Amino acid sequence: LHGVPVIVCDRPNPIGGVEVEGETLVRGFESFVGLFPIPMRHGLTIGELAHLFNDQFALGADLEVVPMEGWRRADFADDCHMPWVMPSPNMPTLDSAIVYPGTVLLEGTLASEGRGTTRPFELVGGPWVRAEAYADRLNAHGLPGAIFRPAVFEPTFQKHHGVTCEGCQIHVTDRAAFKPVVTGVAVIEELRRADPSSFAWRPPPYEYEHRLMPIDILAGSSVMRESL
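Residues numbered from 1 in each chain as written. Predicted model: local features only at pLDDT ≥ 70, side-chain atom pairs only at ≥ 80, totals over all residues. Heavy atoms only, no water.

Trainee: What exactly am I supposed to notice about the overall build of the protein here?
Mentor: Each helix and strand counted, the protein has six helices and seven strands in total. Its helices and strands in sequence order give the protein the pattern β-β-β-α-β-α-β-α-β-β-α-α-α, from N to C terminus. Relative to the 2.2 N^0.38 estimate, which gives 17 Å for 228 residues, the radius of gyration of the protein is 18 Å and therefore close to what a compact globule would have. A burial count over the protein gives 44% of its 228 residues as buried. A fraction of 65% describes how many contacts in the protein between residues 6 or more apart in sequence connect residues 24 or more apart. For the protein, the accessible area works out to roughly 11,700 Å², and carbon and sulfur atoms hold 56% of it. Averaging the positions of the 18 positive and the 29 negative side-chain charges in the protein gives two centres separated by 4 Å. (Helix = DSSP H or I, 4+ residues; strand = E, 2+ residues; numbered from the N terminus. Rg over C-alpha atoms; globule rule 2.2 N^0.38 Å. Buried < 20%, exposed > 50% of the residue type's maximum accessible area, 1.4 Å probe, protein only. Contact = heavy atoms within 4.5 Å. Areas by Shrake-Rupley, 256 points an atom, 1.4 Å probe, with all protein chains shown as cover. Lys, Arg positive; Asp, Glu negative; His and termini not counted. Charge placed at Lys NZ, Arg CZ, Asp CG, Glu CD.)

Next up, the structure:
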């Protein structure tokens, strides 16, 4: 639009470029969280996303993508022999990134996604949960590549600041088999089942969106919320 060239230095997708998961964003649910119809876990690099947005969704930018060398689609960040640089204050480790495509959905609820702890997105729960029973129910799902350990934590900021929460820590035992989005939906399902009267969806506003439900813009449509 303004004739400014855009240069993208491509980088590895830290959780690999093979697996794709989650709903494709539905028209009418576009937001700052997601503008284009791609799945939650898209499996693309930042350079591939730039080409996709520019070419398929007709942005028409003067785009140059500087390619990588040596990356294989199955590689995770630690296969690349590069230091982990936090892309966000709440993404301290590769472990956080592996579970994030699923447990980020908890931002659309009043449950804790572990912000305010040293293990954001790995620790999940709420004040109404009983840790042992909750972890047992999640382990009974038989979800691939993960086990769920009972955990008690107290966030130091954001949701339930200073309040004891019970829930679990998600331990990924096989990251190639692990399905973060499927796991995130199960985590929410069992949080709701633990006490339906205490569980609630987070109301707007959220991420500059004042009309749509936060869970819907995170998931890409209202289907997941309505199904649960």
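More follows now that the structure is in view.
Trainee: Even after reading the chapter, I still don't get the packing of aromatic side chains, so can you show me in this structure?
Mentor: The geometry of an aromatic ring pair comes down to the distance between the two centres and the angle between the two planes. Scanning the entire structure with this criterion turns up six aromatic pairs. Considering the side-chain rings of Phe36 and Phe57, the 4.8 Å spacing of their centres and the 5° angle between planes classify their relative orientation as stacked. Highlighted residues: Phe36 in the loop between strand S2 (21-24) and strand S3 (39-41) and Phe57 in the loop between helix H1 (46-56) and strand S4 (63-66), separated in sequence by 21 residues. Looking at Phe36, the relative accessible area reads 19%, which means it is buried. The rings of Phe36, Phe53 and Phe57 are connected pair by pair, giving a single aromatic cluster. A cation over an aromatic ring shows up here: Arg175 above the ring of Phe76, its NZ or CZ 4.4 Å from the ring centre. (Phe/Tyr/Trp six-rings, centres within 6.5 Å; stacked < 30°, edge-to-face > 60°. Lys NZ or Arg CZ within 6 Å of the ring centre and 35° of its normal.)

Trainee: How should the packing of helix H2 (residues 94-103) against helix H4 (residues 180-194) be read in this particular structure?
Mentor: A pair of packed helices can be characterised by two numbers: the angle between their axes and the separation between those axes. Packing of H2 against H4 brings their axes to within 6 Å, and their N-to-C directions diverge by 60°. In terms of orientation, H2 lies oblique with respect to H4. With respect to the hand of their crossing, H2 and H4 are arranged in right-handed fashion. On the side of H2, the interface is formed by Ile98, Val99, Pro101, Gly102 and Thr103, while H4 contributes Pro180, Val181 and Gly184. (Axes fitted to C-alpha atoms, helices over the stretch in contact; angles between N-to-C directions. Parallel < 35°, antiparallel > 145°, perpendicular 65-115°, else oblique. Left-handed = near helix turned anticlockwise from the far one by under 90°.)

Trainee: Sorry, what's going on with the side chain of Thr109 here?
Mentor: Examined against the element boundaries, Thr109 turns out to sit in the loop between H2 and strand S5 (123-126). At a separation of 2.8 Å, a polar atom in the side chain of Thr109 contacts the main-chain carbonyl oxygen of Leu106. Within the local environment of Thr109, its side chain forms a polar contact with the backbone nitrogen of Ala111, the two atoms lying 3.0 Å apart. Filtering out sequence-adjacent residues up to four positions away, Thr109 remains in contact with Lys159, Ile188, Phe199, Ala200, Trp201 and Arg202. (Polar contact = N/O pair within 3.5 Å; in protein donor to acceptor, adjacent residues only side chain to side chain.)

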